[in-house]
Amino acid sequence: MKIAIIGLGYVGLPLSLQFARSGVNVLGLDIDEGKIAALRRGESYIKHIGVAAIQEQMGAGRFEASRDFGRLTEVEAILVCVPTPLNKYREPDISYVLDTGRAIAAHLKPGVVVVLESTSYPGTTDEDLRRVLEEGSGLKAGTDFHLAFSPEREDPGNPQSDVAIIPKLVGGLTETCRDKAVAVYRHAVRTVVPVSSCRVAEATKLLENIFRSVNIALVNELKVVYAAMDIDIWEVIEAAKTKPFGFMAFYPGPGLGGHCIPIDPFYLTWKAREFEQHTRFIELAGEINTAMPDYVIHRVAEALNSRQKPLKGSRILILGLAYKPNVDDERGSPSYRLLEKLAGQGADVAYYDPYLPVIRPTREHPQWAGVASVEWNRATIEAFDLVLIATAHACIDYKELAEWAACIVDTRNAMASFPVFRTKIWKA
């Protein structure tokens, strides 16, 4: 069997390697010349994906990377793993999906299985993608080719996030479409869960991330409320975790980041308007999470004021650019908003992140491209008026930080083990 996977990012690359490990021949397609060139050299551009895995599968001839979409005529199935961001009005941008659909349509053969993995609103697969595939190919979905949706469940940096063992949902345009797609995934994934339609699968993915967004918003709100009462939200959460039923721990932070939680809920909010429905819970959660960087900056200003320093002109180091610990993934990271807001108020800002030594070009924050991380040493850290912990990478020596930094604002409870330094540590 030979399949194509379009989009070789944080979802598509590990999926490609898992299929290849399972004995499937994989054609990886991406429009990014840099990614294709790196893979052909046997290199990884994602830190938690080792070069050995890439070199093994490419060396065995089970995985190859290309920019030539004309080669789609070689495959039996096509899996689409492209971005689905929000536009500047916080509305869904499915242009990458539709452009990819048009590229597929030009080379689509009868009998091929096409599966969308990119998160989107219910109806994206069976309406929008279906339309461009049918218009461009002259073939009919459900009759001439098979169309399905199977949401990605990738969790970068989580050692328990193994493509092979995470259950895979699959919904098809027809029962036959679903069954054909299920058969494809069973080559590489232990548990495949069929659902009744593409829309059920799309809605399930949204529910998974809305659940997280709403609960994170809850603890973020409680963080502010409890701080006013001089109660530590982190201690409260640890205490609540001792209950063996009816509670699941979520943790506060400086804002939401990543490719899913800050974005996916708004796909449903947008689609719901078409049905004259209002997702008040989702929108409120979004407002709370979006406001977190402002609360953090307020705490930064308080911490500086306690040392008779104004925010304007102060040297501030943001610790952690990635959106979560122990990865090099900075998509949607709240650290960008903190950088921008602090700089906008006149602070002299820099960052330290061992996973991201230089800021890569991004669609949302192009002005920071090329800025380099500072070095980790006593002289460098002591030169800042305040260190703001935005992401708590495990490789950072927090005892050194506690000893070297003049003042620390901690949004991740990373300094909890150093109570002796509590006079210089502010929680946010």
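Refer to the preceding data block for the structure.
Basis of the calculations
- Residues numbered from 1 in each chain as written.
- Predicted model: local features only at pLDDT ≥ 70, side-chain atom pairs only at ≥ 80, totals over all residues.
- Heavy atoms only, no water.
- Salt bridge = Lys/Arg side-chain N within 4 Å of Asp/Glu carboxyl O.
- Helix = DSSP H or I, 4+ residues; strand = E, 2+ residues; numbered from the N terminus.
- Buried < 20%, exposed > 50% of the residue type's maximum accessible area, 1.4 Å probe, protein only.
- Axes fitted to C-alpha atoms, helices over the stretch in contact; angles between N-to-C directions.
- Parallel < 35°, antiparallel > 145°, perpendicular 65-115°, else oblique.
- Left-handed = near helix turned anticlockwise from the far one by under 90°.
- Contact = heavy atoms within 4.5 Å.
- Pairing = 2+ DSSP bridges.
- Arc of directions from axis to C-beta.
- Core = buried A, V, L, I, M, F, W, Y, C linked by side-chain atoms within 4.5 Å.
- Right-handed = clockwise from strand over helix to strand, strands pointing away.
- Nonpolar A, V, L, I, M, F, W, Y, C, P; charged D, E, K, R; others polar.
- Phe/Tyr/Trp six-rings, centres within 6.5 Å; stacked < 30°, edge-to-face > 60°.
- Lys NZ or Arg CZ within 6 Å of the ring centre and 35° of its normal.

**A closer look at the pattern of salt bridges**
Per the stated rule, a full pass over the model turns up 29 salt bridges. Between Lys205 and Glu152 there is a salt bridge, with its nearest N and O atoms 3.6 Å apart. Linking Lys205 in helix H7 (residues 198-228) with Glu152 in the loop between strand S6 (146-149) and strand S7 (168-172), this pair joins segments that are 53 residues apart in sequence. With relative accessibility at 4%, the residue Lys205 sits in the buried group. The exposure class of Glu152 is buried, given its relative accessible area of 5%. Salt bridges sharing partners connect three or more residues here, namely Asp126, Glu127, Arg199, Lys271 and Glu274.

**Regarding the packing of helix H9 (residues 264-274) against helix H10 (residues 280-305)**
Packing of H9 against H10 leaves a shortest axis separation of 10 Å and a crossing angle of 140 degrees. Put simply, H9 runs oblique to H10. In this structure, H9 meets H10 at a crossing whose hand is left-handed. Along its contact with H9, which presents Pro265, Phe266, Leu268 and Thr269, the element H10 presents Ile282, Glu283 and Gly286.

**Some words on the sheet that holds strand S9 (residues 315-319)**
Pairing is parallel across the open sheet formed by five strands, whose spatial order is S10-S9-S11-S12-S13. Only two strands of the sheet have a single neighbouring strand rather than two, namely strand S10 (348-352) and strand S13 (425-427). Each neighbouring strand pair of the sheet contributes to a mean axis angle of 25 degrees, computed without reference to strand direction. Across the sheet, H10 is in contact with S9, strand S11 (386-389), strand S12 (408-410) and S13; its angle to S11 comes to roughly 155 degrees. Where helix H11 (residues 334-344) meets the sheet, its contacts fall on S9, S10 and S11, and the angle it forms with S9 comes to roughly 175 degrees.

**Quick notes on helix H4 (residues 95-105)**
Turning to H4, its buried residues are Val97, Leu98, Thr100, Gly101, Ile104 and Ala105. Along the axis of H4, the buried residues cluster in a sector spanning 160 degrees; they form a single face. Tucked inside the fold, the buried residues of H4 contact strand S1 (2-6), strand S4 (77-80), strand S5 (113-116) and helix H5 (124-137).

**A look at the nonpolar core**
Side chains of nonpolar character tend, in soluble globular proteins, to be buried together. Counting residues in hydrophobic clusters, the biggest one holds 44 residues, and the most contacted among them are Ile78 and Ile104. For this core, the element with the highest residue contribution is H7, accounting for six residues. When sequence neighbours within four positions are dropped, the list of residues in contact with Ile104 reads Ile6, Leu72, Ile78, Val80, Val114 and Leu133.

**Examining the pairing of S6**
Residues of S6 alternate between two faces, with His146 and Ala148 on one and Leu147 and Phe149 on the opposite face, all of them buried. Of the pairings in the sheet, the one linking S5 to S6 comprises four bridges and is parallel in character. If you follow Val115 over to S6, its bridge partner there is Ala148. Between the parallel pair S5 and S6, the chain is carried across by H5, and the sense of this crossover is right-handed. In this sheet, S7 lies alongside S6 in antiparallel orientation, the contact comprising two bridges. Note that in S7 the partner of Phe149 across the bridge is Gly171.

**Re the packing of H7 against helix H8 (residues 233-240)**
Running from N to C, H7 and H8 point in directions that differ by 125 degrees, and their axes come no closer than 9 Å. With respect to H8, the element H7 is oriented oblique. Counted together, Val219, Leu222, Lys223 and Tyr226 of H7 and Ile233, Val236 and Ile237 of H8 form the full contact between these two elements. Taken together, the residues that form the contact of H7 with H8 break down as six nonpolar, no polar and one charged.

**Description of H11**
Those residues of H11 that fall on the buried side of the exposure criterion are Pro334, Ser335, Tyr336, Leu338, Leu339 and Leu342. Check the buried side of H11 and you find it contacts H10, S9, S10 and S11. Immediately downstream of H11, the backbone of Gly346 shows phi near 95 degrees, a positive value.

**Points about the sheet that holds S5**
The strand order across the open sheet built from eight strands is S3-S2-S1-S4-S5-S6-S7-S8, with neighbouring strands paired in mixed fashion. Whereas interior strands pair on both sides, the edge strands pair on one side only; in this sheet they are strand S3 (63-66) and strand S8 (192-195). Strand-to-strand twist of the sheet, defined as the mean angle between neighbouring strand axes without regard to direction, takes the value 25 degrees. On the sheet, helix H1 (residues 12-21) packs against S1, strand S2 (25-29), S3 and S4 and is oriented at approximately 170 degrees with respect to S1.

**Brief notes about the packing of aromatic side chains**
Enumeration over the complete set of coordinates arrives at seven aromatic pairs. Ring geometry for Trp234 and Tyr251: centres 5.6 Å apart, planes at 15 degrees, overall stacked. Taken as a pair, Trp234 in helix H8 and Tyr251 in the loop between H8 and H9 lie far apart in primary sequence, 17 residues in all. Assessed through its relative accessible area of 32%, Tyr251 is described here as partly exposed. Aromatic pair Tyr352 and Trp376: ring centres 5.0 Å apart, planes at 40 degrees, arrangement tilted. Of the two residues, Tyr352 sits in strand S10 while Trp376 sits in the loop between S10 and helix H12 (378-382), which places them 24 residues apart along the sequence. Among the aromatic residues, those joined into a ring-pair cluster are Tyr121, Tyr267 and Trp270. Over the face of the ring belonging to Phe384 we find Arg315, whose NZ or CZ atom lies 4.3 Å from the ring centre.

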